[in-house]
Amino acid sequence: MEPAQISVVIPALNASATLPVQLKALMSQTSGPPFEVIVVDNGSTDGTGDLAATFESAQFTVRVVPEEVRGINSARNAGAAAASTGRVLLCDADDEVWDGWVAAMSAALT
């Protein structure tokens, strides 16, 4: 796997029902730079963090970062701080990105 050139941050609070859809959508990216996924568990009680940690992909790694300070902006900031790249994309646990999302958003950052 190539080193990540972009980081995708997903804040999540009790998102075990919706997060798999988003992670599978990220697995379906057809183009774009190599990326990592950072799921920020914002105090979930439904196993969101454990579920996210089970996802594996040939395209990216998934890291789970805990954030105890509640709120989507605290979670986004924690994810950005944990990113291994200087380029960060944000999406939500209840979204479903389209198959060219990483490529398009990466191009927009450039």
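Note that the coordinates shown come from a computational prediction; the quantities given were computed from them, not determined experimentally.

By the secondary structure assignment, Gln22 is in helix 1 (residues 19-27). According to the relative accessible area criterion, Gln22 is buried, its value standing at 0%. There is a polar contact of 2.9 Å between the side chain of Gln22 and the backbone oxygen of Asp92.

Bringing the sheet that holds strand 1 (residues 6-12) into the picture now. An order of 3-2-1-4 is seen for the 4 strands of this open sheet, with the pairing classed as parallel. Only two strands of the sheet have a single partner each, and these edge strands are strand 3 (62-66) and strand 4 (88-90). Taken pair by pair, the neighbouring strands of this sheet meet at an average axis angle of 25°, ignoring direction. Here strand 1 pairs with strand 2 (residues 35-41) via 7 bridges, running parallel. Paired with Pro11 across the strands is Val40, a residue of strand 2.

The next point concerns the pattern of salt bridges. Pairs can form between side chains of opposite charge whenever their charged atoms are close. Applying the stated criterion to the full structure yields 2 salt bridges. In this structure, the salt-bridge partner of Arg63 is Glu36, at a minimum N-O distance of 3.1 Å. Of the two residues, Arg63 sits in strand 3 while Glu36 sits in strand 2, which places them 27 residues apart along the sequence. Owing to a relative accessible area of 30%, Arg63 belongs among the partly exposed residues under this scheme.

With that settled, the discussion passes to the environment of Val102. Of note, Val102 is situated in helix 4 (residues 101-109). Val102 sits in the buried class, given a relative accessible area of 0%. Separated by 88 residues in the primary sequence, Val102 and Asn14 have C-alpha atoms spaced 25 Å apart. Apart from residues no more than four positions distant in its own chain, Val102 is found in contact with Ile6, Val8, Leu26, Gln29, Pro33, Phe35 and Leu89.

Reading the values: the criteria
- Residues numbered from 1 in each chain as written.
- Predicted model: local features only at pLDDT ≥ 70, side-chain atom pairs only at ≥ 80, totals over all residues.
- Heavy atoms only, no water.
- Helix = DSSP H or I, 4+ residues; strand = E, 2+ residues; numbered from the N terminus.
- Buried < 20%, exposed > 50% of the residue type's maximum accessible area, 1.4 Å probe, protein only.
- Polar contact = N/O pair within 3.5 Å; in protein donor to acceptor, adjacent residues only side chain to side chain.
- Pairing = 2+ DSSP bridges.
- Axes fitted to C-alpha atoms, helices over the stretch in contact; angles between N-to-C directions.
- Salt bridge = Lys/Arg side-chain N within 4 Å of Asp/Glu carboxyl O.
- Contact = heavy atoms within 4.5 Å.

By themselves, these are just geometric observations and shouldn't be taken as functional.
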